[in-house]
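A look at the structure
Listed here are the chains, written in short residue letters.
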Amino acid sequence: MTATTPPPQAEPEVRKAPPPPDSGARPGTARRSLLRALPVSPAVVLLLLFLAGPIVYCVVIAFTDLQLTGQAEESFVGFDNFTRAFRDEAFLNAVWLTLVFTVLSSLIGQNTLGLALASLMRRASKPVRTLTGGIVVTAWVLPEVVAGFLLYAFFRREGTLNAVLDWLHLPSQNWLFTLPILAVSFANVWRGTAFSMLVYSAALNEIPKEVTEAAEVDGASGWRRMWHVTLPMIRRSIGTNLMLNTLQTLSVFGLIWVMTRGGPSGKSQTLPLFMYEQAFQNSLIGYGTAVALLLLLIGSLFSVVYLRLLRTEV
């Protein structure tokens, strides 16, 4: 027998790697990118001119001793304005009152009341929803100065609140003198709750009815459904609303200025009013701008905390 030789195997085909792409940019690509950037270039220029420019200028003068009057030219003082702020008892008092005002009127007042109104309006009839929404939104769209005058007339010694208390034979007092920070906090809640109500109304409408009906069939009470079903499903809306409300509340000026002007004896003087007093009443522009940067830093810290909380919920 003769041995049969196996047929020769075909050699594997060797594919050549494709040539590397041309690293040089084509003139047509660069031209198209330039043409796409032209429509937004005016907006970028305006932002740099009217937004970034003033911010950079404020940062510069915060490190100087610039004054409105009695000064030929300013000089660089480094961190002296910031050191002076942390040694100033009036500044520390303004920081504390700003935190109290923000927590009472924004974190607790507007957020809680807005969620409660949105939940109640979801179950109410259409006429009740229309009437309640109209009243709450009207307080929101009022100019800040007008809202301040209305709440001043409500809390003053001869105002509406004391008239009602006298009619009920309850003790009355000068609320703007004895409890000014609580009065302005209530005013901010009255004026700003509409925003939270609208945010939570939109969030609650996105919850499927089948989820809440299933929880109700399982025997969950109203509070348990709110805590275990509703709040977890709208947690991102809660975080966004808290962040926006906090940043807005930190910058409230006109409402407090009309009602108390920061008094009496600084008992309702938040950081925006303290900054205004130092910069425009005491003519210390450099010091007042340093206080403004510290207020910006406080708002940034709140924003970072909220953004980290929102990120952990993703």
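Reading the values: the criteria
- Residues numbered from 1 in each chain as written.
- Predicted model: local features only at pLDDT ≥ 70, side-chain atom pairs only at ≥ 80, totals over all residues.
- Heavy atoms only, no water.
- Helix = DSSP H or I, 4+ residues; strand = E, 2+ residues; numbered from the N terminus.
- Buried < 20%, exposed > 50% of the residue type's maximum accessible area, 1.4 Å probe, protein only.
- Contact = heavy atoms within 4.5 Å.
- Areas by Shrake-Rupley, 256 points an atom, 1.4 Å probe, with all protein chains shown as cover.
- Core = buried A, V, L, I, M, F, W, Y, C linked by side-chain atoms within 4.5 Å.
- Salt bridge = Lys/Arg side-chain N within 4 Å of Asp/Glu carboxyl O.
- Phe/Tyr/Trp six-rings, centres within 6.5 Å; stacked < 30°, edge-to-face > 60°.
- Lys NZ or Arg CZ within 6 Å of the ring centre and 35° of its normal.

A few words now on the overall build of the protein chain. The helix and strand tally for the protein chain stands at 15 helices and zero strands. The buried share among the 314 residues of the protein chain stands at 37%. Taking all contacts inside the protein chain whose residues are at least 6 apart in sequence as the whole, residues at least 24 apart take part in 71%. Roughly 20400 Å² of accessible area belongs to the protein chain as shown, and the carbon and sulfur atoms make up 66% of that amount.

Moving on, we get to the nonpolar core. Core analysis: the biggest nonpolar cluster contains 32 residues, and Phe82, Phe91, Ile234, Leu271 and Tyr287 have the highest contact counts within it. Contributing elements (two or more residues each) for this core: helix H3 (80–87), helix H4 (89–123), helix H9 (180–205), helix H11 (222–233), helix H12 (235–250), helix H14 (271–281) and helix H15 (285–312). A total of nine residues in this core trace back to one element, the largest contributor, which is H15. Once residues lying within four places of it in the same chain are set aside, the contact partners of Phe91 are Ala85, Phe86, Leu271, Phe274, Tyr287, Val291 and Leu294. Counting residues in each nonpolar core, the second largest holds 20 residues, with Val100, Phe101, Leu151 and Leu165 among its members.

Before going further, it helps to examine the environment of Leu165. Turning to its location among the elements, Leu165 is positioned in helix H7 (residues 160–167). A relative accessible area of 13% means that Leu165 is categorised as buried. The contact partners of Leu165, leaving out residues within four places of it in the chain, are Leu170, Pro171, Ser172 and Trp175.

We now examine the pattern of salt bridges. The tally for this structure, following the rule as stated, stands at one salt bridge. Among the salt bridges present, the one from Glu158 reaches Arg156, with a minimum N-O distance of 3.5 Å. On the basis of relative accessibility, which here comes to 58%, the residue Glu158 falls in the exposed class.

Evaluation of the coordinates by the stated rule reveals 16 aromatic pairs. With 6.4 Å between their ring centres and 15 degrees between their planes, Phe154 and Phe186 make a pair best called stacked. Of this pair, Phe154 sits in helix H6 (residues 144–155) while Phe186 sits in helix H9, placing them 32 residues apart in sequence. Assessed through its relative accessible area of 26%, Phe154 is described here as partly exposed. Owing to a relative accessible area of 43%, Phe186 belongs among the partly exposed residues under this scheme. When the centroid spacing of 5.7 Å and the interplanar angle of 15 degrees are considered together, the rings of Phe253 and Trp257 count as stacked. You can call Phe253 partly exposed: its relative accessible area is 25%. Members of the aromatic cluster, connected to one another through ring pairs, are Phe63, Phe76, Phe79 and Phe82. Note that Arg84 overlies the ring of Tyr287, its terminal NZ or CZ placed 4.3 Å from the centroid. For Lys267, the ring lying beneath its charged end belongs to Phe177, and the centroid distance is 5.9 Å.

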